[in-house]
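# Structural overview for review
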Amino acid sequence: MKPGPSEMTFPDHFSDHAHRYGAYRPTYPDSLFAFLASLVPTHDLAWDCATGNGQAALGLTPHFRTIIATDASPRQIAQAHPRPKVTYLVAPAERTPLPDGSVDLVTVATAFHWLDFPRLPRSRV
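Residues numbered from 1 in each chain as written. Predicted model: local features only at pLDDT ≥ 70, side-chain atom pairs only at ≥ 80, totals over all residues. Heavy atoms only, no water.

### Some words on the overall build of the chain
Using the following cut-off: Runs of H or I in DSSP of at least four residues are treated as helices and runs of E of at least two as strands, each being numbered from the N terminus. In this scheme, a residue with accessible area under 20% of its type's maximum is buried, one over 50% is exposed, and one in between is partly exposed, where area comes from a 1.4 Å probe on protein chains only. Every accessible area reported is derived by Shrake-Rupley at a probe size of 1.4 Å, with residue values counting cover from the shown protein chains alone.
For the chain, the helix and strand inventory stands at 5 helices and 4 strands. Put simply, the chain runs from its N terminus to its C terminus through helices and strands in the order α-α-α-β-α-β-α-β-β. Across the 125 residues of the chain, 42% fall into the buried class. Carbon together with sulfur atoms contributes 60% to the accessible area of the chain, which is approximately 7,100 Å² in total.

Here it is as structure tokens:
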């Protein structure tokens, strides 16, 4: 898919502070991820969209075999916390490399307002 106008003008307000971003982002209770996991019948692949540096992606690890965590900012991904089950990729939400129908759960923690919602793929799950 060809990049659209919103991908060309991604408002990257946090990359200059990516090294400090993780220290000030919220953590989420384990019960939240247990609840989210309970909503889906299979637990093979979760996609944490607009992951920043991965706080929500890490919360998914007890519940899913594999987590793909994407963010449009290379500097945010560079600050992500590596874990065996998590693969971090630089990709805008609107142009994910995941095939249609491949994802059991999609999460967007505190970044939904940054997404170009009309262009967001809806057929990954």
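And the narrative resumes.
### Section: the sheet that holds strand 1 (residues 45-49)
Quick reminder of the rule: One requirement defines pairing of two strands: DSSP has to find at least two bridges between them. Note on definitions: angles span 0 to 180 degrees between N-to-C directions of axes, and those axes are lines fitted to C-alpha atoms, for helices only across the stretch in contact.
The strand order across the open sheet built from 4 strands is 3-2-1-4, with neighbouring strands paired in parallel fashion. A single partner strand is all that each edge strand has here, and the edge strands are strand 3 (86-90) and strand 4 (105-107). Averaged over all adjacent pairs, the angle separating strand axes in this sheet is 20°, with direction ignored. Pairing of strand 2 (residues 66-71) with strand 3 involves 5 bridges; the strand directions are parallel. If you follow Asp71 over to strand 3, its bridge partner there is Val90.

### Some details on the side chain of Asp48
Heads up, the condition is: Any N or O atom pair separated by 3.5 Å or less is treated as a polar contact, with the protein-specific requirement of one donor-capable and one acceptor-capable atom, and with residues adjacent in sequence counted only for side-chain atom pairs. Here, residues are in contact when the closest pair of their heavy atoms is within 4.5 Å.
Summarising the element assignment, Asp48 is placed in strand 1. At 3.2 Å, the side chain of Asp48 and the backbone nitrogen of Ala57 are in polar contact. Contacts of Asp48, omitting those with residues within four sequence positions, involve Ala56, Ala57, Leu60, Ile68, Ala69, Thr70, Thr107, Val108 and Ala109.

Functional significance is not addressed by these values, which are geometric in nature.
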